[in-house]
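# Results of the structural survey
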Amino acid sequence: MDTQDHNLKEPLEQEGLTVTQGVTTAVPEPPILEPEDDDVVPQQARAKRHVPEWFEVIWSNRKARVGLILLLFFILVAIFANVLAPYSPTDISFGPSQMPDSQHWLGTTQAGQDVFSQLIYGTRTSLIVGALGGGLATIIALVIGMVAGYMGGIVDEILSFFINLGLVVPALPLMVTVAAYSPVKGPTIIILVIGLTGWAWGARFKRSQVLTLRVRDYITSAQFAGDGTLRIVFREILPNMLSLTVLSYISAAIGAIGAEAGLEFLGVGDPSTISWGMMLYWANNGGAMITGQWAWLVAPGLALAAITSCLMLINFGVDALSNPQLREE
Amino acid sequence: MALLEVENLDVTYATKQRPPLFAVRNVNFELNAGEFVGLVGESGSGKSTLGNAILKLLLPPGRITAGSVRFEGKELTTLPDEELRQMRWRDFSTVFQSSMNSLNPVTRIEAQFQDVMAEKSDLSNSQIHDRIGELLQMVKIDPSFMRYYPHELSGGMKQRVALALALALKPKLVILDEPTTGLDVLVQKEIMHNLRTLQREQGFAVLLISHDLGTVLEVSDRVLVMYAGEMVEDAPTHGMLKHPIHPYTHGLLGSYADPAAEEVEISYIPGRPPDLTRVPKACPYAPRCPEAIPLCRQAKPQLLPMWDGKAACHVAQMQWNDEQHNHTRHSEEGPKLLDAAFSEATSHKAMKLEGEEVLRVENVSKTYQRRAGFKTTSMNAVNDVSFNLRSGKVTGLVGQSGSGKTTIARMITGTEYPTSGAIWFGETRVDKLKGRGIHNYRKHVQYVFQDPFSALNPVHTIQYLLMRPLMNYGKLNAAQARQKVRELLETVGLTPAEQFETKMAHQLSGGQRQRVVVARALAPDPDIIIADEPISMLDVSIRAEILQLLDKLVRERKIAMLYITHDLLSARLLSDEILVLNQGHVVEQGAAKTVIRQPTNEYTQLLLEAIPRLERPDHVRASYVPTAEPTKVQVDASPVSEE
Ligand code: SF4
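Residues numbered from 1 in each chain as written. Chains lettered and ligands numbered in written order. Predicted model: local features only at pLDDT ≥ 70, side-chain atom pairs only at ≥ 80, totals over all residues. Heavy atoms only, no water.

## With respect to the overall build of chain B
Counting secondary structure elements, chain B contains 20 helices and 24 strands. For chain B, the C-alpha radius of gyration of 26 Å lies close to 26 Å, the compact-globule estimate for 643 residues. Its C-alpha atoms give chain B principal-axis dimensions of roughly 75 × 70 × 55 Å. Here chain B holds 643 residues, and the buried ones make up 58% of them. In chain B, 72 positive and 77 negative side-chain charges are present, and the distance between their average locations comes to 6 Å. (Helix = DSSP H or I, 4+ residues; strand = E, 2+ residues; numbered from the N terminus. Rg over C-alpha atoms; globule rule 2.2 N^0.38 Å. Buried < 20%, exposed > 50% of the residue type's maximum accessible area, 1.4 Å probe, protein only. Lys, Arg positive; Asp, Glu negative; His and termini not counted. Charge placed at Lys NZ, Arg CZ, Asp CG, Glu CD.)

Below, the structure is given as structure tokens:
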């Protein structure tokens, strides 16, 4: 690879403009080439390893690494639930309210289902609700926050009004009310409720991000290049706040998982759903405390704690992406 | 014993993700008590890293990997942090470019001094109060300002407060890292002058780190020049001005000239510094050096004494050896060094084009209303300004920040509307355009930004960035646009184009980025280009290169250019006509040469005086014809190994 800098001169020379051809020594000498490298080489070398840089940054953070491994574990459990679970979670052929033993590691429910199998299948619900509920909230937040921040003026005033409304209306009672009155029950409606009530904080966050980004020169430059508003918002601004968006997506997912469990525990879920929240609900109603079935109550609680903390751990690594000061050596 | 001794210092930035960067390598120098020394280098030369390493202020992943730093004989590199903390402020202190922003915003100026002084000195409160007054007076601030909060002061004043703070405990050494960069030229000049006077009176030592050789030469006793992490020259100011030893120093000096001279010419250094993730085994300057000989690519030159200073250069050293043996040769003869230069005589002006009018600004004024409580104050940003832009001509708009020059640019591009007056683009009233009209108008008026680091979106490739305007305005499809991108890159001198297309902005140097910014402005084939301080953020050694590029475009494409700057030297070189703007008023207007050579306004004269006036060293060392075998020369001929 030849170097650009020497080539830079050529067109100018052809112009007969400036570059004075001088001879500095009497001895003819070979042209001096720049060393065969410039900063492009390490970049290519990095690309060859097929590990994108963002992943390396996250991975090099110890907390995030633990979180990622844990998340992978949960995902695998969710995918292979039917292989891993010893029984069907809805099978009621076992004796009710058994204590943990070698047949039923975590005992059975009041209705005679295997708690351990329910725990494994429950992973699916939590992950799906987290991914979709958090995703819905993030998408709404993105669109509203970014348009408000970029357009400014009256558009911003109106959208900000809705954002503030979303912030001051207490989320949990709203969710309970909406979920309780909805004609159908089940995870889908819970995802929708979570998405529709949980975006306000993220929207505000994104709006303020856009406010700082939209005054950058490259945004003005895109305007001069003739790009339209939507294109500027989604192609010029959004990629620059990707790590922050991921950050708030993960936070929203944590919120969604917690909210789902909470709603179900309060009894507004579909009773036939297999999920950790529903397990807690049944354990509570089935008198797990009275019969001393600690495992029925503790296991889903611990699972919920584990999945939310693993997502939070990942967030430490994502944080390091947007703030190099936090990167670990 | 010198006050500060730096010996064989190496600083490396090593992270897991990237190859280590050898930012400072084998640096040796001394600083005597009471000496004012400048440390000059361009971006990436390691000068700030060196400054931080001396005071152990390096941020990870930067680390001192070898060598020693001694302050009054005491080794600092191994000193425990607690002891070092004791020495800060009292023995040495620092002022950074950002110091003015690090004043605590919620406490008064006085309290900030008290914090520093109460802890480290045993003065009583009233003594401290008196001393603060004294310190502020020293930096030419009225003592009554000590009751103010930092945000109530201007940037220049805050920076002076930071300087006074650094001097509060009478340290023996003050390290200043770009202390005036980013401030207005006149303020810069004043602070530097002030600093020099103080230093003479009080006798503390100064290490002034700067990218601007001109400023440094004006105030320092001695100058150290760094290139690519190595010290390449260490010489007294006087000698350096008359007779720079190292070719790089010579190249840097070429960027300065007296704008009021009859003929003005500045030069640049083609090429860019090497990548420091690999330790250069030979002279790091060799790829750009006009004097290089084969030996330069084989062995690394050592920093050795010659003439009145020290330099790391094979050729200079051979000449010095020659001169030692042969006293008849004099150093002040010989051929000119090879320079890539830009002068008025080679610019578009020499063609004496008669441009036709493209844009007319008629009696334009802009007033901003500001509401504070019940009071409404109005500020006249621009006052009754008229001029026109002609195709193939450059109009220079010169002034400091706050002079209204950017407001004028914004009105011309339609981003802001004038309060009164009119702007005509042919038959179109620019100041009446809205929405779609502005979009269409921008095809004709493009902008070159000041900061090439923020004008290119870091997430896109160069190709994407250049395709956008082509597809938006030129109505090309993607394939045609891609073809045109190559042409554009070639026009701005980025060849081979294929190599640049796929890169992201952060993979390019500052000068290359600015070329991309120019290419983007060219893409819609505009009639007018507004260049807003296009060279002020670039390294001094490549500024002339970008000026040359802009000049070429004006000439070839018959573009009308508005060149906005605070720098009269570049304005003189590039512009046909100059308007000097002071607080919204045009104080001087006329042909470039006339305005600068015979300024009638006081303000123009002030601006002129602020430019470092260095004589161009055109008497250069005798050319060296290697008569002796290079091996005779005292150099470390074995290639320096990595690490
Ligand atoms: S050693 Fe050679 S390449 Fe390096 S500066 Fe001297 S002459 Fe130029």
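## Re the pattern of salt bridges
Residue and element names in this part refer to chain B. Applying the stated criterion across every chain yields a total of 29 salt bridges over all chains. For R515, the salt bridge is made with E545, and the minimal N-O distance between the two is 3.0 Å. One end of the pair, R515, is in helix α16 (residues 510-522); the other, E545, is in helix α17 (residues 543-557), and 30 residues separate them in sequence. In this pair, the class of R515 matches that of E545, namely buried. (Salt bridge = Lys/Arg side-chain N within 4 Å of Asp/Glu carboxyl O.)

## Looking at the sheet that holds strand β8 (residues 205-210) of chain B
Residue and element names in this part refer to chain B. Judged by pairing direction, the sheet is mixed, and its eight strands sit side by side in the order β6-β7-β8-β3-β9-β10-β13-β12 without closing on themselves. Each end of this open sheet is capped by a strand with a single partner; those strands are β6 (92-96) and β12 (304-306). Put simply, the sheet's adjacent strands are angled 20 degrees from each other on average, direction ignored. The pairing of strand β3 (residues 36-40) with strand β9 (residues 222-227) spans four bridges and is classified as parallel. The residue of β9 that forms the bridge with V40 is V225. Against the sheet, helix α5 (residues 155-166) makes contact with β6 and β7 (173-177), and its axis sits at roughly 170 degrees relative to β6, the strand it touches most. (Pairing = 2+ DSSP bridges. Axes fitted to C-alpha atoms, helices over the stretch in contact; angles between N-to-C directions. Contact = heavy atoms within 4.5 Å.)

## A short note on the sheet that holds strand β24 (residues 585-591) of chain B
All names here are of chain B. Spatially, six strands are ordered β20-β21-β22-β17-β23-β24 in an open sheet, and the strand pairing comes out mixed. The open sheet has two edge strands with one neighbour each: β20 (445-448) and β24. Strand-to-strand twist across the sheet, computed as the mean angle between neighbouring axes with direction ignored, equals 15 degrees. Strand direction decides the pairing type here: β20 and strand β21 (residues 528-532), joined by four bridges, are parallel. For V448, the partnering residue across the bridge sits in β21 and is A531.

## Structural notes on the packing of aromatic side chains
Tallying each qualifying case throughout the model produces 15 aromatic pairs over all chains. An angle of 10 degrees between the planes, with centres 5.5 Å apart, marks the rings of A:W201 and A:F205 as stacked. Remark: A:F205 and A:W201 occur in helix α10 (residues 200-213); sequence separation between them is four residues, near one turn of the helix. The exposure class assigned to A:F205 is partly exposed, which follows from its relative accessible area of 25%. Ring plane angle 75 degrees and centroid distance 5.4 Å describe the contact between B:F425 and B:Y441, whose orientation is recorded as edge-to-face. Here B:Y441 lies in helix α12 (residues 435-442) and B:F425 lies in strand β18 (residues 420-425), a separation of 16 residues in the sequence. (Phe/Tyr/Trp six-rings, centres within 6.5 Å; stacked < 30°, edge-to-face > 60°.)

## Description of the site of the ligand
Around the ligand, the structure places 13 residues, and the nearest of them are B:C283, B:C289, B:C296, B:C313 and B:H314. A breakdown of the residues in the shell around the ligand according to their chemical character gives 10 nonpolar, two polar and one charged. (Near = heavy atom within 4 Å. Nonpolar A, V, L, I, M, F, W, Y, C, P; charged D, E, K, R; others polar.)

## With respect to the domain arrangement of chain B
Here chain B is partitioned into domain 1 (4-242), domain 2 (265-274 + 282-307 + 316-335 + 622-643) and domain 3 (445-525). Look at where the C-alpha atoms of domain 1 of chain B and domain 3 of chain B centre, and you get two points 39 Å apart. (Domains from an automatic or database assignment.)

## Some thoughts on the UniProt feature "transmembrane region" (unreviewed entry) in chain A
Per the UniProt record, "transmembrane region" (unreviewed entry) is annotated on residues 68-87, 127-151, 158-181, 187-205, 241-259 and 295-318 of chain A. Along residues 241-259 of chain A one finds 95% helix and 0% strand; the C-alpha atoms at either end are 26 Å apart. (UniProt positions renumbered as here; feature names shortened; annotations may be inferred.)

## Examining the packing of helix α7 (residues 153-168) of chain A against α10(A)
All names here are of chain A. Packing of α7 against α10 brings their axes to within 8 Å, and their N-to-C directions diverge by 140 degrees. Taken together, the axes of α7 and α10 lie oblique to each other. α10 is crossed by α7, and the crossing has left-handed handedness. Residues D156, S160, I163, N164, G166 and L167 of α7 form the contact with α10, whose participating residues are A200, W201, A203, R204 and R207. By residue class, the composition of the contact of α7 with α10 is five nonpolar, three polar and three charged. (Parallel < 35°, antiparallel > 145°, perpendicular 65-115°, else oblique. Left-handed = near helix turned anticlockwise from the far one by under 90°.)

## Focus: the environment of A:K185
Residue and element names in this part refer to chain A. Mapped onto the secondary structure, K185 falls in the loop between α8 (171-181) and α9 (187-197). For the pair K185 and P271, spaced 86 residues apart in sequence, the C-alpha separation works out to 8.8 Å. Discounting chain neighbours no more than four positions away, the residues touching K185 are A179, A180, V268, G269 and D270.

## Here we look at the side chain of B:D539
Residues and elements named next belong to chain B. With respect to the helices, strands and loops of the structure, D539 is situated in the loop between β21 and α17. Within the buried set, D539 has no salt-bridge partner at all; the shortest N-O distance to an opposite charge, 6.4 Å, is to K47. D539 has contacts with E42 and S43, leaving out every residue within four places of it along the chain.

## A closer look at the nonpolar core
Residues and elements named next belong to chain B. Core analysis: the biggest nonpolar cluster contains 80 residues, and L359, F387, I408, I412, I528 and I530 have the highest contact counts within it. The dominant element in this core, judged by the number of residues it contributes, is α17, at seven residues. Once residues within four sequence positions are removed from consideration, I412 is found in contact with L359, V361, F387, I423, V430, Y441, I530 and L562. Counting 74 residues, the second largest nonpolar core, distinct from the first, contains I128, V174, L195 and A228. (Core = buried A, V, L, I, M, F, W, Y, C linked by side-chain atoms within 4.5 Å.)

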